[in-house]
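# Report on the structure
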Amino acid sequence: MACPFCGLRPLEEFLFRKTVPNVVTGSGNGAAAGTDVTDSASAYAQVYLRVDSAERSVEEWQHVAGCRAWLLVDRNPSTGVVRSVALLGGTQ
Amino acid sequence: MVPGVRYGTRLQDGVVRFTFDGRTYEGRQGDTAASALLANGVVWFGRSVKSRRLRGVMTAGPEEPCALLTVGEYPNVVPNVPATECVLHDGMVLRSQNRWPSLEFDFASLLQWGGGLFTAGFYYKTFFLPGWRAFEPLIRRLAGLGMAPGPAAADSAANRPPLEEHVTCDLLVVGAGPAGLAAARVAARNGLQVVVVEREPAIGGETEFEESVIDSQAAHHWLKAAIASAAARIRQGSRNPRRVPRPEPGSVRVLLQTTAVAIASDSVVAYRERNEPTNFRIHARQVLNAVGAQEQPLVFVGNDLPGVQMLGGAERFAALYGWVPKEPVVLFGNHDRLYASALRLRGQGARVVAIVDTRPFNANSDHLRDEAGADEWRRAACSLLQAVGVECLTGSTVRVACGGRRLRSVEVVAIAGTADTREIRCGSLLMSGGWLPRRALPVGTIVGAAAGCLDLAAAVASGHAGGVAVLQQTGLLAAVAEISATPLATGDPSPRVEPYLRSPCATHEEKRQYLDLQNDVTVADLRVAIAEGFTHIEHAKRYTTLGIGTDQGRWGGHVGAAILADLQGLPSATASTSKDRPPLASVSLQAIAGWRVGDSFRLVRRTPLHDWHVAHGGNPEPMGLWFRPRFYAANGKDAASAAMVEAGRVRQIGGIADCSTLGKLEIAGPDAAAFLDEVYLSRPSTLAVGRSRYAVQLREDGIVLDDGLVLRLAEDRFLATTSSGHGLHVLSHLEHHRAHRASLRVSVADVTDCWAVIAVAGRASADALRTLLGRDPQELSPMAFWDWSGPLQGVGVAGQGGQRLRVLRAGFSGELSFELHCSPALALPLWEALQVGGLEPYGLDALDILRVEKGYLTTSEITGQVTPLDLGMEAMVAKAGPSLGLKLLQRPAFHEPQRPRLVGLRAVDGRSSFLAGAQLTVGPKDRVPMGYVTSSVFSAQLGETVALAFAARDVAPLGARLCARDPLRGRDVQVRVVAPVHFDPAGERLRGRY
């Protein structure tokens with residue numbers, strides 16, 4: 001997987017955390033999908049609800065054994081092809 | 001030729017002596033066990049697993065299903081080594097398998113005289129009353145494959161992890177046959193770095209025994225040159241550094257005796273057992289898969305008899321090891337390769353008496369009509385062979401292989417027309433049912449025989465084209481002038497295989513039409529499977545055990561799948577086959593484990609005091625990646641008594657403990673306080689500088705993630721401690737939240753390794769520290785700390801040379817206690833100075849007693865399933881800021897009255913002990929538990945067992961009586977619910993009031 005800081009690195013260095021809820025058709029912007037702790041209405045949806053798609057999954061990963069950046073990975077779960085890797089929350 | 005001396009390309013001068021089932025044999029250097037034993041006239045190599053039939057050698061490669069040997073002497077034995085893969089060395093000890101007391105006479109084979117006893121599903125259908133377990137011991141003794149190795153000596157080869165080598169290249173070619181090397185040649189000549197992996201100890205594939213010509217050279221010379229020419233270019237380039245080599249020199253590195261075994265996420269893993277066992281991780285831009293094709297067996301009655309062999313295997317034995325059968329030979333197959341093979345085998349001294357070809361002349365088959373003139377070639381070959389006394393029976397099939405313990409004759413019938421039966425006396429039947437691509441390693445672009453190119457010309461062209469395609473993809477082709485033309489190759493003609501499923505036979509004979517020689521699966525078993533409803537190959541495979549042996553059905557699995565379809569009236573060409581799985585050849589577990597065993601299994605973290613603990617009987621035990629001392633041997637003969645002594649001493653006098661494993665995170669930045677308010681419940685933003693607070697953090701779903709202390713080091717700097725096992729997890733959690741709150745100016749750093757932590761507890765702690773610091777530590781109010789700089793009595797000076805010390809008045813024991821956070825280099829001097837001050841070390845078990853007495857929490861209670869409300873932290877929740885997880889903490893299920901809540905427990909009789917893990921019920925006969933014991937210790941202070949537990953709050957108010965049920969380890973104990981703080985509930989000791 002291509003880390004924005006470290007370039008192409010083996011998959012073992014990365015850790016999957018979760019599928020981002022309800023951004024299947026979204027822009028993949030991490031800030032929009034983020035965990036806003038003050039928004040009570042969406043808290044449940046943020047943690048538990050997501051649309052499982054065979055073609056597209058936007059997921060949070062961390063480059064734990066590298067630069068430790070949190071990443072927003074847009075990939076196709078059917079083929080394993082990674083469409084894009086962006087920094088979670090835009091800048092860190 | 002000297003009579004009696006074998007000539008083979010793999011044989012070298014020199015004799016090796018080895019034993020097989022106790023008898024000594026001689027072989028030649030380079031021999032495999034199979035070739036040497038065959039040359040010694042050995043016919044029987046072992047018995048089958050289920051029906052214990054005698055078996056010989058069927059193939060000459062890793063797919064060997066019959067001749068499996070146990071190699072070596074106990075305990076250093078390796079079972080199930082195919083004799084065809086076992087390269088001999090002097091003094092080797094080999095044993096046959098699945099026989100008792102001897103190979104020639106096997107007791108269990110007598111059981112077979114009942115006839116057809118072990119059909120598919122036999123065990124399940126026969127041994128179900130009174131229960132499988134009653135029969136299991138006997139069946140297990142009869143079953144099994146070979147002898148398991150015993151515990152190996154520490155310094156033995158079996159305990160030495162293989163080397164690991166990372167190889168990078170432009171192109172990886174799997175298989176050094178003609179196709180693979182043609183690809184490697186063109187790629188390397190045009191500047192690519194090529195690695196070729198070959199399972200065999202020599203390159204060439206089938207050209208090792210097939211006369212063949214490529215570009216007017218003997219094929220094996222051409223192939224050797226293909227590798228050497230690229231190597232020459234490298235040398236040329238390096239010798240003349242000023243003459244710019246264009247293109248960049250290519251290279252071919254051939255890894256012989258190396259099997260590609262697995263595909264990792266970013267590489268192909270190949271393993272070499274010979275010499276120094278090595279795992280190669282090959283990172284290649286492109287992969288070409290030239291693994292070749294697998295010769296398929298034919299199915300007829302008695303096709304398992306010793307003496308029946310695969311034709312391709314026999315050709316390998318002849319050319320590489322100089323062995324041909326002494327007895328008359330019959331060839332049986334469905335393709336043109338038979339005739340070329342017959343000529344070659346005759347030339348090597350075999351007495352070929354007949355060829356049985358299932359294809360008639362002038363067949364109306366579409367398959368054959370395509371190639372005009374091809375039948376003429378076959379007619380010519382037939383007349384040539386018949387002239388030298390080889391009978392050619394076309395349109396015929398071998399119906400039965402006859403013989404008791406070995407092949408004596410074959411019964412040949414015409415497929416169409418007359419029911420004439422011919423019996424041909426022979427001692428060897430060599431069969432070949434065509435080839436199927438090897439598919440076990442699904443990687444790369446497939447070329448050569450693996451892509452269906454069965455004759456040499458097509459295979460070489462396919463490999464060459466594959467290499468050119470790689471050059472095109474890498475963009476190198478255009479830049480390169482010298483692209484050699486497709487090499488012209490001629491070898492055996494295209495075999496023109498005509499599929500042939502199985503010979504005709506009566507239904508009762510089908511139980512001798514074998515499909516899996518290791519597990520004795522026959523066509524009759526497939527019929528049973530279909531009758532039972534297991535009609536898909538993946539079901540039938542598991543029901544009949546077809547292809548589940550060490551050979552993984554490489555021999556008869558595909559034919560079996562086709563016959564399973566045929567028996568159901570489905571076209572066999574469309575039959576699905578069971579999944580082929582890597583590796584092609586067996587790989588030892590040692591290779592798979594690699595060096596990640598023993599001490600290298602995972603990272604180890606040691607505290608700065610680790611060596612001291614080890615030297616003083618500290619019994620360090622793993623705790624996550626850390627090691628922590630459980631107890632000190634000087635304090636008792638076992639853990640329980642030592643911990644009791646240590647805990648008692650802390651309560652009476654005091655003690656010190658190494659708590660360096662605590663996770664330590666530094667959070668800094670102008671918005672650090674606001675950030676921490678969002679991740680911790682206890683509002684760290686309201687802390688004064690120089691003070692600390694107990695803090696709990698929640699996951700997004702309202703469950704407690706971890707607890708610890710938060711210290712405010714400066715207005716914009718905090719230190720958070722985490723529990724020992726959770727440091728990295730909590731770090732990830734904070735980093736995650738920080739990523740989401742990109743606008744906050746805050747950074748998080750793991751400083752766990754920068755600080756050692758020594759807990760100093762008990763009434764003597766103040767005196768010891770006063771001596772050390774020259775100042776009364778009780779000037780610190782509870783939860784306050786000093787960043788200490790100044791002289792340390794008998795230790796040195798803190799604050800100089802980067803040596804830092806922080807004195808925090810907090811603890812985990814319920815006593816007047818302090819934590820010394822210090823630079824790792826200061827840890828040992830401080831530790832020793834404190835002992836001079838009269839404080840003895842205590843271990844983890846004592847620490848556990850002290851904390852359970854006080855109702856303090858560890859991961860036994862913070863299990864990842866409990867909320868702060870379950871832990872009685874309502875006040876902390878009420879005062880919390882806008883913390884992560886609070887929203888979902890409001891979910892109704894967290895507030896239901898039956899939700900378990902943290903309580904203390906003691907036995908009603910004040911004496912009985914009960915253990916962590918015991919389930920709690922209200923009545924002694926209730927069947928559904930309403931809680932469970934999380935921690936339980938014997939408290940010497942209170943003279944009884946005290947415990948922490950979770951119990952449903954509606955039925956377990958303070959004072960309630962419950963039953964602690966522990967049917968497997970103990971007995972049921974009546975307990976009563978008390979407050980979680982068992983000892984010193986008012987906290988007098990904490991304040992130093994003794």
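Above this text is the structure in question.
The structure contained in this document is the topic of the report that follows. (Residues numbered from 1 in each chain as written. Chains lettered and ligands numbered in written order. Predicted model: local features only at pLDDT ≥ 70, side-chain atom pairs only at ≥ 80, totals over all residues. Heavy atoms only, no water.)

Looking only at helices and strands, chain A has 2 helices and 6 strands in total. Along the chain direction, N to C, the helices and strands of chain A fall in the order β-β-β-α-α-β-β-β. Looking at chain A as a whole, 39% of its 92 residues qualify as buried. Contacts spanning at least 24 positions in sequence make up 52% of the contacts within chain A whose residues lie at least 6 apart. Accessible surface, chain A: about 4,800 Å² in total, of which carbon and sulfur atoms supply 55%. (Helix = DSSP H or I, 4+ residues; strand = E, 2+ residues; numbered from the N terminus. Buried < 20%, exposed > 50% of the residue type's maximum accessible area, 1.4 Å probe, protein only. Contact = heavy atoms within 4.5 Å. Areas by Shrake-Rupley, 256 points an atom, 1.4 Å probe, with all protein chains shown as cover.)

All names here are of chain B. A complete count under the given rule lists 66 salt bridges over all chains for this structure. Here Arg527 ties to Glu510 by a salt bridge, and the two come within 2.6 Å at their closest N and O atoms. Residue Arg527 is found in helix 12 (residues 523–531), and its partner Glu510 is found in the loop between strand 27 (489–490) and strand 28 (514–516); the two are separated by 17 residues along the sequence. Each of Glu206, Glu210, Glu211, Glu315, Arg337, Arg344 and Asp492 takes part in one network of salt bridges that share partners. (Salt bridge = Lys/Arg side-chain N within 4 Å of Asp/Glu carboxyl O.)

In this section: unusual backbone geometry. All names here are of chain B. At the junction of Tyr74 and Pro75, the peptide bond is cis and its omega measures out at 5° in the coordinates. Summarising the element assignment, Pro75 is placed in the loop between strand 5 (68–71) and strand 6 (78–82). In the Ramachandran plot, Arg52 falls in the positive-phi region, its phi being about 60° despite a non-glycine side chain. Note that Arg52 resides in the loop between strand 3 (46–47) and strand 4 (54–55).

With that settled, consider the packing of helix 12 of chain B against helix 13 (residues 537–544) of chain B. Residue and element names in this part refer to chain B. One can describe the packing of helix 12 onto helix 13 by two numbers: an axis separation of 10 Å at closest approach and a directional angle of 115°. The two elements helix 12 and helix 13 cross, and the hand of that crossing is right-handed. Taking contact as the criterion, the partners of Asp525, Leu526, Val528 and Ala529 in helix 12 are, on helix 13, Ala540, Tyr543 and Thr544. Of the residues contributing to the contact of helix 12 with helix 13, the split by class is 5 nonpolar, 1 polar and 1 charged. (Axes fitted to C-alpha atoms, helices over the stretch in contact; angles between N-to-C directions. Left-handed = near helix turned anticlockwise from the far one by under 90°. Nonpolar A, V, L, I, M, F, W, Y, C, P; charged D, E, K, R; others polar.)

A surface patch of nonpolar side chains, about 290 Å² in accessible area, is lined by Tyr44, Tyr48 and Leu49 of chain A. Relative accessible area serves as the criterion here: at 42%, Leu49 of chain A is assigned to the partly exposed category. (Patch = residues over 30% accessible without salt bridge, like charges linked within 9 Å, V, L, I, M, F, W, Y side chains within 5 Å.)

What follows is about the sheet that holds strand 17 (residues 308–310) of chain B. All names here are of chain B. Taken together, 5 strands build an open sheet; the order of strands is 17-24-18-19-20 and the sheet is parallel. Of all the strands in the sheet, the pair left with one neighbour each is strand 17 and strand 20 (391–394). Mean inter-strand twist for the sheet, computed between neighbouring axes without regard to direction, equals 20°. The sheet contact formed by strand 17 and strand 24 (residues 428–432) spans 3 bridges and is parallel. The partner of Gln309 across the bridge, within strand 24, is Leu430. Its contacts with the sheet put helix 7 (residues 311–321) on strand 17, strand 18 (329–333) and strand 24, and the angle it makes with strand 17 is roughly 80°. Sitting on the sheet, helix 8 (residues 337–347) is in contact with strand 18, strand 19 (352–357), strand 20 and strand 24, with an inclination near 170° to strand 19. (Pairing = 2+ DSSP bridges.)

It is worth spelling out the pairing of strand 38 (residues 756–761) of chain B at this point. All names here are of chain B. In terms of burial, strand 38 is largely enclosed, as 6 of its 6 residues are buried. Burial of the side chains of strand 38 extends over both faces: Ala756, Ile758 and Val760 are buried on one face and Val757, Ala759 and Ala761 on the other. Where strand 32 (residues 655–658) meets strand 38, 4 bridges bridge the pair, whose relative direction is antiparallel. In the sheet register, Ala657 faces strand 38, and the bridge partner there is Ala759. Alignment of strand 38 against strand 43 (residues 817–822), held across 6 bridges, turns out to be antiparallel. From the neighbouring strand, Val757 faces strand 43, where its bridge partner is His821.

Residue and element names in this part refer to chain B. If you check which residues of helix 21 (residues 824–836) are buried, you get Leu826, Ala827, Leu830, Trp831 and Leu834. Seen end-on, helix 21 carries its buried residues on one side only, within an arc spanning 135°. Opposite the buried face of helix 21, at more than 90 degrees from it, the exposed residues are Ala825 and Val836. Immediately downstream of helix 21, the backbone of Gly838 shows phi near 100°, a positive value. (Arc of directions from axis to C-beta.)

On to the sheet that holds strand 3 (residues 15–19) of chain A. Residue and element names in this part refer to chain A. Read from one edge of the open sheet, 4 strands run 3-4-5-6, paired in antiparallel fashion. Whereas interior strands pair on both sides, the edge strands pair on one side only; in this sheet they are strand 3 and strand 6 (82–87). For this sheet, the mean angle separating the axes of adjacent strands, direction not counted, is 30°. Both strand 3 and strand 4 (residues 57–62) contribute to a ladder of 4 bridges, which runs antiparallel. Counted as the bridge partner of Leu15 is Gln62 from strand 4.

Let's shift gears to the packing of aromatic side chains. Residues and elements named next belong to chain B. For the structure on display, the rule yields 14 aromatic pairs over all chains. Ring geometry for Phe18 and Tyr25: centres 5.9 Å apart, planes at 25°, overall stacked. The residues Phe18 and Tyr25 share a single accessibility class, namely buried. Ring centres of Trp612 and Tyr632 lie 6.1 Å apart, and the angle between their planes is 65°; this geometry places the pair in the edge-to-face category. Of this pair, Trp612 sits in helix 16 (residues 610–615) while Tyr632 sits in the loop between strand 31 (626–629) and helix 17 (639–652); the two residues are 20 residues apart in sequence, bridging distant segments of the chain. Judged by its relative accessible area of 11%, Trp612 is buried. Given a relative accessible area of 4%, Tyr632 falls into the buried group. Grouped by ring-pair contacts, the aromatic residues Phe317, Tyr321 and Trp323 constitute a single cluster. (Phe/Tyr/Trp six-rings, centres within 6.5 Å; stacked < 30°, edge-to-face > 60°.)

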